[in-house]
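Report on the structure
Here is what each chain is made of, one letter per residue.
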Amino acid sequence: MHIIKSIAKFFGLRTDTAEITSSQDAAMASLACRSLAYYIAASYISNALSKCEFKTYVDGKPVKNELYYALNVSPNPNQNGSAFINALVEKCLYNGESLMVQPTEALNRFYIADSFSEDPCPLRENVFSSVVVEGLSLRKTFRASDACHFKLESRSIRGLVFGVYQDFGELLSMAMASYKNANGEKFTFRKSGNPGGTRAEVKEASDEVNDLLKNFMRNPNGVMPLWNQQELTRLTPNPNSGSSKDVIDLRKDIFEITASAFKIPQSMMYGNMTNTNDVINQFITFGVDPWAQMISDELTRGFYDFSAWGGGKNYIKVDTSKINHSDIFQIADKAEKLVSSGLFSIDGVLDAMGADMINEDYSQVHWITKNYELIQDALARLTSESTEGGDN
């Protein structure tokens, strides 16, 4: 504010505190709009991934062991699984990368680093140092094989998006300031004679009039005292200027750019989805699945070397199938087909739907109706029936 006043004074201009405050309000509103757009996009992805199940596979079969419990339920004493994944993804989205460390190897306790430094070592393992966890600086350094370093793209999304925000932010600030300026209350004050006295006396008289006008405009029942030969006239605003459409259009552009950067359908950013299933499927395919695949690969790399990997039998997978909400009445016929075709057991379908499993022998086996059989068996049966019919 002092800089603005100094520039105005240099050029012989008189600035009003209200005008400067209005410009600052517009800039703050622009920053809030940009921050809101980025937050909405980032929270969509982080919240979607927090709904995913981190499946641990041993010998090609899903198991719920100690590692499963740590990744899904309680990674450390101070966080649950959902908060942990939210922190992991948000660090990636806001900082371009995140680091998961295990300070004590004897315990399955994992933390997302608040900050860290990476020392690249070409053709060798990178080293992570100056790791801060929950405000505590760790003396230990971590090699790449001792930590999980999550990074989806080589360039930071935040840096690219905020670079575009810089241009749009200036335009949005100008549009807001122009709208407020064009639609504000303006008056002319006329009195007889020329102002006399010293410069200080003229300024004092001008400030007094400004103070009276402010009180008059802010008070819904204000009174403006006028003396003889004094006249106060309201200026009629230009109907062709100061439209809020410019502000709305620029805000829409900011949200659309953010949605494109995060590969999120634009209708999700506005919250006015019509074909919800198609929109959600598009969001999961392009906005969530790449993150889930990256996290799965990095966790598998971090916990299993080649020998422990066992040719792909031991690994960790982020299951995104439960992100979309399922209505059991809408998918009842599809669920029946999954069971009758032998693709899923009853418990498998219940688990996929988010319902409680029965955990009985009959619910864990795979069933198949007589409508499904090998083509060879079907041809043999038809041939046999035809032969028997001919003999009769």
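In what follows, the structure referred to is the one given above.
Residues numbered from 1 in each chain as written. Predicted model: local features only at pLDDT ≥ 70, side-chain atom pairs only at ≥ 80, totals over all residues. Heavy atoms only, no water.

**Here we look at the overall build of the chain**
- Looking only at helices and strands, the chain has 14 helices and 12 strands in total.
- Across the 392 residues in the chain, those meeting the buried criterion constitute 29%.
- Accessible surface computed for the chain: about 25200 Å², of which carbon and sulfur atoms make up 54%. (Helix = DSSP H or I, 4+ residues; strand = E, 2+ residues; numbered from the N terminus. Buried < 20%, exposed > 50% of the residue type's maximum accessible area, 1.4 Å probe, protein only. Areas by Shrake-Rupley, 256 points an atom, 1.4 Å probe, with all protein chains shown as cover.)

**Points about the sheet that holds strand E4 (residues 111-112)**
- Read from one edge of the open sheet, three strands run E4-E3-E9, paired in antiparallel fashion. With one partner strand each, in any of the chains shown, E4 and strand E9 (148-150) form the two edges of the open sheet.
- Bridge analysis of strand E3 (residues 98-101) against E4 gives two bridges, and the strand direction is antiparallel. Bridge pairing in E4 places Met 100 opposite Ile 112. (Pairing = 2+ DSSP bridges.)

**Side note on empty space enclosed by the protein**
- As enumerated under the stated definition, the model contains two cavities of 30 Å³ or more in all.
- The computed volume of the largest cavity comes to approximately 80 Å³.
- Forming the boundary of the largest cavity are Cys 92, Leu 93, Gly 96, Lys 151, Leu 152, Glu 153, Arg 155, Ser 156, Ile 157 and Trp 291.
- Residues that form the lining of the largest cavity fall into these classes: five nonpolar, two polar and three charged.
- What the second largest cavity holds in volume is close to 30 Å³.
- Taken together, Phe 54, Leu 71, Phe 84, Ile 85, Leu 88, Met 100, Phe 150, Ile 295 and Leu 299 make up the full set of residues lining the second largest cavity.
- Sorting the residues of the lining of the second largest cavity by element identifies helix H4 (81-95) and helix H9 (276-303) as the ones contributing at least two each.
- Tallying contributions element by element places H4 first for the lining of the second largest cavity, with three residues. (1 Å grid on protein atoms, 1.4 Å probe; cavity = no way out; pocket = protein on both sides within 12 Å on 5 of 7 lines; lining within 4 Å. Points joined across faces, edges and corners; volume = space filled by probe spheres on them. Nonpolar A, V, L, I, M, F, W, Y, C, P; charged D, E, K, R; others polar.)

**What to know about the packing of aromatic side chains**
- Here the structure, examined in full by the defined rule, presents seven aromatic pairs.
- For the pair Phe 116 and Phe 128, a centre-to-centre distance of 5.8 Å together with 75 degrees between the ring planes defines the contact as edge-to-face. In this pair, Phe 116 sits in strand E5 (residues 115-119) while Phe 128 sits in strand E6 (residues 127-133), placing the two residues 12 residues apart along the sequence. Comparing Phe 116 with Phe 128 shows no difference in burial state: the two are buried.
- On the basis of an interplanar angle of 40 degrees and a centroid distance of 6.2 Å, the ring pair of Phe 306 and Trp 309 is categorised as tilted. You can see Phe 306 and its partner Trp 309 sitting in helix H10 (residues 306-309), three residues apart, about one turn around the helix.
- The ring of Phe 255 carries Arg 251 above its face, with NZ or CZ at 4.4 Å from the centroid. (Phe/Tyr/Trp six-rings, centres within 6.5 Å; stacked < 30°, edge-to-face > 60°. Lys NZ or Arg CZ within 6 Å of the ring centre and 35° of its normal.)

**Observations concerning the sheet that holds strand E12 (residues 315-319)**
- In space, the three strands of this open sheet follow the order E2-E1-E12, with antiparallel pairing throughout. Of all the strands in the sheet, just strand E2 (61-63) and E12 have a single pairing partner and so form its edges. Averaged over all pairs of adjacent strands, the angle between their axes in this sheet comes to 45 degrees, without regard to strand direction.
- Along the sheet, H9 makes contact with strand E1 (53-58) and E12, crossing E12 at roughly 160 degrees. (Axes fitted to C-alpha atoms, helices over the stretch in contact; angles between N-to-C directions. Contact = heavy atoms within 4.5 Å.)

**Description of the environment of Lys 51**
- Within the element layout of this structure, Lys 51 appears in the loop between helix H2 (17-50) and E1.
- The class for Lys 51 is partly exposed, based on a relative accessible area of 45%.
- When the C-alpha atoms of Lys 51 and Val 318 are compared, they prove to be 10.0 Å apart, with 267 residues separating the residues in sequence.
- Not counting the four nearest positions on each side in its chain, Lys 51 is found in contact with Lys 322 and Ile 323.

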